[in-house]
Amino acid sequence: MVASGVTTAQPVAFAANGLEGRYATALYDLAAEQKQLDSVLEQGAALARLIDESAPLRTVLEDRRLDVLVSRKALAAVLEAQGFGQTIQNFVGVVADNRRLPVLRRVLAALEALAVSRRGEVLAEVVSAAPLSAEQRAQLQARLAEAGYSRLNIRERVDSSLLGGLVVRVGAKLYDASLKTRLFRLHYAMKGAA
């Protein structure tokens, strides 16, 4: 069940490119300067999970028709109610004031990637049709270690539309061993033969 075709590669350094990278770098540097880095990284991950799990919150973030002050107040209330620290609250306020709320989730992903990169690790995103068992997780880590990814931070996600197998993204490399992709390739191969 492990992706095949993995080649040896070195860890990819985080590049603070684009809007998301600049915001993530600014938050990371501020948190490090205030000696709150671990707390801010933990809260950033918690906010990312909250955004992923809350459709109403995503609606507030993505709806450009909402007034900036209304969006900012709504987010401030949510963040305070959820117990987020002042640094995260202020950061989200700046993002709202700059009309960048639609990219907040991507900024948080860039923050995680930046933290992983600065620790000398590589982020591997693993999407599977069902949650991985401990044995499957160990096999995956072993295969990725064989491919040269020894310091790895694995983020798992379940997507039942894959039908089976998994998709692994390490840096810019994508290894797709999902049943959905295999069926898709077979479908087009059969079309070409007809």
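Calculation notes
- Residues numbered from 1 in each chain as written.
- Predicted model: local features only at pLDDT ≥ 70, side-chain atom pairs only at ≥ 80, totals over all residues.
- Heavy atoms only, no water.
- UniProt positions renumbered as here; feature names shortened; annotations may be inferred.
- pLDDT = per-residue confidence, 0-100.
- Contact = heavy atoms within 4.5 Å.
- Helix = DSSP H or I, 4+ residues; strand = E, 2+ residues; numbered from the N terminus.
- Expected span 1.5 Å × (residues − 1).
- Buried < 20%, exposed > 50% of the residue type's maximum accessible area, 1.4 Å probe, protein only.
- Arc of directions from axis to C-beta.
- Polar contact = N/O pair within 3.5 Å; in protein donor to acceptor, adjacent residues only side chain to side chain.
- Salt bridge = Lys/Arg side-chain N within 4 Å of Asp/Glu carboxyl O.

By the naming in an unreviewed UniProt entry, the chain goes by ATP synthase subunit delta and is assigned to Acetobacter vaccinii. In its Sequence similarities (unreviewed entry) section, UniProt records this for the chain: "Belongs to the ATPase delta chain family."

J.: Summarise the confidence of the model for the chain; cite the residues concerned and give the values.
T.: On average, the chain scores 84 in pLDDT, and the residues at 70 or more come to 91%. Below a pLDDT of 50 lies the segment residues 1–15, which in the model reaches 36 contacts outside its immediate sequence neighbourhood of four places, other chains included.

J.: Any chance you could break down helix α4 (residues 68–81) for me, citing the residues and the numbers?
T.: Under the 1.5 Å per step criterion, the end-to-end length of α4 is 20 Å for 14 residues, consistent within 8% with the ideal 20 Å. Residues of α4 that are buried include every one of Val68, Ser71, Leu75 and Leu79, and no others. For α4, the angular spread of buried residues about the axis comes to 65°, placing them on one side. In α4, the exposed positions angled more than 90 degrees off the buried face are occupied by Leu69, Lys73, Glu80 and Ala81. Where α4 is buried, its residues touch α2 (37–53), α3 (55–62) and α5 (86–97). The N-terminus of α4 is capped by Asp67, whose side-chain oxygen sits 3.2 Å from the backbone nitrogen of Leu69. Phi turns positive, to about 85°, at Gly83, one or two residues after α4.

J.: Before we move on, could you go through the pattern of salt bridges and cite the residues and values that matter?
T.: All told, the structure shown has eight salt bridges when counted by the stated rule. Between Asp97 and Arg72 there is a salt bridge, and its shortest N-O distance comes to 2.8 Å. With Asp97 in helix α5 and Arg72 in helix α4, the pair connects residues that are 25 residues apart, well separated along the chain. For Asp97, a relative accessible area of 41% translates into the label partly exposed. The closest approach of N and O atoms between Arg155 and Glu112, which form a salt bridge, is 3.2 Å.

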